[in-house]
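Residue-level listing of the chains:
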Amino acid sequence: MSDERIIVVLLGPPGAGKGTQGALLAERSGIRHVSTGEIFRAAVGAGTPAGLRAEAYLESGELVPDGVVMQLVEEYLGNRCDLDLCFDGFPRTRRQAEALDAVLEQLGTKLAGVFLIEVSDEEALRRLTSRGRSDDGLETARYRLEVYHELTEPLVDYYRAQGVLREVGGEAGIDAVADV
Ligand code: ADP
């Protein structure tokens, strides 16, 4: 691995397999997997102030407000400035993406790549409703897909325009990502 810090983003709908790919990538390359959803779920479970603020959003499938998310991410980027990171589930809005770019610029770095992992809505719904998380009931899962299409999918064009987008495909192995 080079001296330069590696920061990548996994982009794609809920149920695409970002969590699985991120965990594999971490295992194989030592890049730290940062799932904002998992961090929020842990905070909810632990009853921290951030968790209390996030709980209703998670349960309804709504996005946690950008300000709360950015506070969390900046802690990760600032406190662990030696670590290579793979964000999973972040950014999810244009505002988060722009804020991430600004933070990275301040740190003198930029994204090494954004990996788009795509599956159809039908396949995503099938996977989501079979994994049994409390926000994976059919209604909430459908709503989360809607939120993805409306607020997160526009980031595909945002990152394509930056020239950092790589399409992986929901069934592809992790190698395309691990090659960064
Ligand atoms: P999935 O990949 O199945 O959508 P996640 O674990 O990534 O699940 O996210 C679960 C929930 O956590 C989201 O529905 C949302 O409420 C919240 N969340 C996670 N990351 C973000 C983010 N970057 N911005 C806003 N909300 C988020």
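All of these numbers come straight from a predicted model, not from anything done at the bench.

**Some points on the packing of helix α5 (residues 94-106) against helix α8 (residues 154-162)**
Right, on to step 1. Between α5 and α8, whose axes approach to 10 Å, the crossing angle comes to 30 degrees. Taken together, α5 and α8 sit at an angle that is classed as roughly parallel. The element α5 and its partner α8 pack so that their crossing is right-handed. Between α5, through R94, A97, E98, L100 and D101, and α8, the contact on the second element is made entirely by L155, Y158, Y159 and Q162.
Right, on to step 2. Grouping the constituent residues of the contact of α5 with α8 by class yields five nonpolar, one polar and three charged.

**What to know about the sheet that holds strand β4 (residues 113-116)**
Right, on to step 1. Reading across from one edge, β2-β3-β1-β4-β5 is the order of the five strands in this open sheet, with parallel pairing throughout. Edge positions in the sheet fall to β2 (32-35) and β5 (165-167), since each has one partner strand and no second. Ignoring strand direction, the axes of neighbouring strands in this sheet form an average angle of 25 degrees.
Right, on to step 2. Sheet topology note: the β4/β5 ladder contains three bridges and is parallel. Bridge pairing links V114 to L165 in β5.

Rules used in this analysis
Residues numbered from 1 in each chain as written. Predicted model: local features only at pLDDT ≥ 70, side-chain atom pairs only at ≥ 80, totals over all residues. Heavy atoms only, no water. Axes fitted to C-alpha atoms, helices over the stretch in contact; angles between N-to-C directions. Helix = DSSP H or I, 4+ residues; strand = E, 2+ residues; numbered from the N terminus. Parallel < 35°, antiparallel > 145°, perpendicular 65-115°, else oblique. Left-handed = near helix turned anticlockwise from the far one by under 90°. Contact = heavy atoms within 4.5 Å. Nonpolar A, V, L, I, M, F, W, Y, C, P; charged D, E, K, R; others polar. Pairing = 2+ DSSP bridges.

Any functional reading would require information beyond the geometric quantities listed.
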